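Descriptive analysis of the structure
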Amino acid sequence: MIPAEVFLTFILMLSIFLGFELIHKVPSTLHTPLMSGANAISGITVVGAVSLAGTGQHDLANWLGAGAVALASINVVGGYLVTDRMLAMFKKKKGA
Amino acid sequence: MDNLTQFAYVVAAALFILGLKQLGSPATARRGNTISAVGMLLAIVAALLDQGIVEYQWIAIGFVAGGLVGAAAARLVKMTAMPEMVALFNGFGGMASLLVGWAAISPAAGTFTLVTIVLSILIGGLTFTGSLVAYGKLSEKLGSGAVMFQGQQVVNSLIVLGIVAGAVMFCVEPANHLWLYLVVGLSLLFGIMAVIPIGGADMPVVISLLNSYSGLAACAAGFAVDNNILIVAGSLVGASGIILTQIMCKAMNRSLSNVLFSGFGSGKVESAEVEGEIKPISVEDAFYVLEAATNVAIIPGYGMAVAQAQHVVKELMELLERNGAEVNFGIHPVAGRMPGHMNVLLAEADVAYDHLLEMDDINPRMANVDVAIVIGANDVVNPAAREVESSPIYGMPVINVDQARTVFVLKRSMASGFAGIENPLFYKDNTRMLFGDAKESIGGLVREFG
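Residues numbered from 1 in each chain as written. Chains lettered and ligands numbered in written order. Predicted model: local features only at pLDDT ≥ 70, side-chain atom pairs only at ≥ 80, totals over all residues.

1. A short note on the sheet that holds strand β2 (residues 326-331) of chain B
Picture the strands of a sheet paired through backbone hydrogen bonds; they go either parallel or antiparallel. All names here are of chain B. One open sheet holds the six strands; their spatial order is β3-β2-β1-β4-β5-β6, and the pairing between them is parallel. In the strand order of this sheet, the two ends are held by β3 (356-358) and β6 (431-435), each with one partner. With strand direction ignored, the average angle separating the axes of adjacent strands in the sheet is 25 degrees. Across the sheet, helix α13 (residues 310-322) is in contact with β1 (295-300), β2 and β4 (371-375); its angle to β2 comes to roughly 145 degrees. Docked against the sheet, helix α14 (residues 341-348) engages β1, β2 and β3, running at close to 145 degrees with respect to β2. (Pairing = 2+ DSSP bridges. Helix = DSSP H or I, 4+ residues; strand = E, 2+ residues; numbered from the N terminus. Axes fitted to C-alpha atoms, helices over the stretch in contact; angles between N-to-C directions. Contact = placed C-beta atoms within 7 Å.)

2. Focus on the interface of chain B and chain A
On the chain A side, the residues contacting the 96 residues of chain B number 76 residues. Tallying contributions element by element places helix α9 (residues 228-251) of chain B first for the side of chain B that touches chain A, with 16 residues.

3. A closer look at the domain arrangement of chain B
Considered domain by domain, chain B is made up of domain 1 (1-76), domain 2 (80-267) and domain 3 (283-449). Using only C-alpha atoms to locate each centre, domain 1 of chain B and domain 3 of chain B end up separated by 41 Å. (Domains from an automatic or database assignment.)

4. Details of the environment of Trp102 of chain B
Residue and element names in this part refer to chain B. Residue position: Trp102 is located in helix α4 (residues 82-103). Under the C-beta neighbour-count criterion, Trp102 is labelled buried, with 25 such atoms within 10 Å. Here the alpha-carbon distance between Trp102 and Ile121, two residues 19 residues apart in the chain, equals 6.8 Å. (Buried ≥ 20, exposed ≤ 12 C-beta atoms within 10 Å, placed from the backbone.)

5. Some words on the pairing of β1 of chain B
All names here are of chain B. Burial within β1 is extensive, with five of its six residues counted as buried. In this sheet, β2 lies alongside β1 in parallel orientation, the contact comprising four bridges. In the strand pairing of β2, Ala297 is matched with Asn328. Where β1 meets β4, five bridges bridge the pair, whose relative direction is parallel. If you follow Ala297 over to β4, its bridge partner there is Ala372.

Printed below as a string of structure tokens:
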């Protein structure tokens, strides 16, 4: 059995390389939506936060988790919506 | 852990990757964003089904509060204000990771977990305050200049030393909360100190870098709470921010450390001798030249955003095209206050994206351009970058508007660009200065055509 630390680091390494490959292909005209979209993805912290906010023990960790859920939700909801709003504006020449 | 949840995370990761892949072309980008959002929804639902959760009340309150704020911000933000908004969102992401790292502290945590907790607090904290300062500078709530003071390096070094010492002590003695508070406090302070010496025009680099940090903070939080999907998504964002940072630095011909530490634009720069004289032109005369032009290039800069001139520029473009001219836009990678800023503004004004040319595509065509119109750009069209070896921007790739037959420079006044660098372009024989507010000047041209 691989130790958890090694396993997680392995995932980290692969994702970083994958990220570089993917992002290099994004044209410069889409860099702003790329950033706001990446912002939305970084709201993934919400997934880690919900399990902390829902322990039912009203201790510090619970409150910190709830705060994190709120902040990360701003990122997720705001990030995806504003990216969609921007991308809807990108249009190709008519008739081309 | 629950197998189903883990499996859902795998699917979510695949959706994120697919979504980013589709962002490779403007035609599929919107679908890509939706795919990515579906991935996020799946990950969140999976996390909610986790058996460890016994109480949903606070989760729901957090979701609703955050969701409402996010939705309102996304709907209301002006396209010219996108850089501020992205900066602010970076900060929220960082703070969320800080809180998750903090909440993950438990007496059972091993050294590896403690190290990742410290990292998520550190990166999250500096991302938060750094982003707030960047937000302040971009929205002009703070002065946008570089703030330098005597002994700045010493102070910063002490903060870094303090963070390292605090972090080590925290890992050794996690029960003592003093170390935790020390790391939290100093990380927050460090974010402020790191961004204040960076001037407004270098903000594209800073936002990109903070974007990267917000991802890395999520990544570290993923290690802290032992969660794969945080690591995958966080590192995708981290990689994205780093690539954008590299592109921005390359476009300014400066190293990252030069951008971060040099306080570029804070000092007075001695100007090289410039020969020639300034030749102003009236809107009327400019119109006659444009009417005869068959090939027009428009080079927008931050000034176009400030003047909110993108819509009237589009009107002018349509009139020129109706008049038989070919019109293209030349977009420098660091034009504006964030990567791709100009493209979004022009897209908002309904300019088709195939008219937006990158610097390397427009430069070879420049010799065939009859009129190049520079709107609120300065350093990115400065020929000193090619010609004047003593110039601070020497070597920076620029859009060679001076090679067009005629250049119109729309400018408020003769004040120099942010870096205080003299621009020889204004003195060239083929350059005419159209002074005044960009929106009004272009509006004047549009009326002449009408």
